[in-house]
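The primary structure of each chain is shown beneath.
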Amino acid sequence: MQPTFEGPIVPPEMQRPRKAKNRWVLPAAGGLVVGLALGLGLGAATGNGASSSPLSEKKLNEMVESCGITPDGYSILDEGTAIELDTKGGESFDSGTSDYVAYLCMLNEIGVPETTQQKIGRTRALDGTQTDSWDGLTASWSYHPDSGSNILIEKDNSK
């Protein structure tokens, strides 16, 4: 018995191409929606509003309360756009906090990167004032065994 064929036998190179289904439309539309959502979310998170900045007087006061740092260990400056953290040095007359857990808590709450915290911890008296920047903030700090660490963290106004 021989197989039967319906219609003429046409070689593949001569066949009409099948109509391609628009399989790319759904993934492309999904990608567009996700991209727009991410873009809007990032735009809101990096906007210039005071609520998106880690430094505002309200947020700094909340951090102070959360970390329990004493008033001799910090100063909120320029209506909450900057904060100075001060640790106690070896001199008896030196002000500053000796509660290093509260001091480290403040650095973490403000969002100081671990790399910057390492730089701060490795600063010697001979190094003078050091600086670093991240996420719209700038820190400058110095260290001396007699006066401890003094760190100024402020909004980066160079942008």
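For the structure itself, consult the block above.
Conventions adopted
- Residues numbered from 1 in each chain as written.
- Predicted model: local features only at pLDDT ≥ 70, side-chain atom pairs only at ≥ 80, totals over all residues.
- Heavy atoms only, no water.
- Disulfide = S-S within 2.5 Å.
- Helix = DSSP H or I, 4+ residues; strand = E, 2+ residues; numbered from the N terminus.
- Buried < 20%, exposed > 50% of the residue type's maximum accessible area, 1.4 Å probe, protein only.
- Arc of directions from axis to C-beta.
- Contact = heavy atoms within 4.5 Å.
- Polar contact = N/O pair within 3.5 Å; in protein donor to acceptor, adjacent residues only side chain to side chain.

Here we take up the state of the cysteines. Inspection of the entire model under this criterion finds 1 disulfide. With its sulfur 2.0 Å from that of its partner, Cys 67 forms a disulfide with Cys 105. One disulfide, between Cys 67 and Cys 105, carries an S-S torsion of -70° and so falls in the left-handed class. Here the residue Cys 67 occupies a position in helix α2 (residues 57–67), and Cys 105 occupies one in helix α3 (residues 100–110), the gap between them amounting to 38 residues.

Residues of α2 that are buried: Leu 60, Met 63, Val 64 and Cys 67. Down the axis of α2, the sector holding all buried residues measures 100°, keeping them to one side. Relative to its buried face, α2 has exposed residues pointing more than 90 degrees away, namely Lys 58, Glu 65 and Ser 66. Of the residues trailing α2, Gly 68 is marked for its positive phi of about 70°.

A word on the environment of Gln 117. Within the secondary structure, Gln 117 is located in helix α4 (residues 114–121). The exposure class of Gln 117 is buried, given its relative accessible area of 17%. Each C-alpha atom of the pair Gln 117 and Leu 107 lies 7.7 Å from the other, and the pair is 10 residues apart in sequence. Contacts of Gln 117, omitting those with residues within four sequence positions, involve Leu 104, Leu 107, Asn 108 and Val 112. For Gln 117, the side chain forms a polar contact with the side chain of Asn 108, separated by 2.9 Å. A distance of 2.9 Å separates a polar atom in the side chain of Gln 117 from the backbone oxygen of Val 112.

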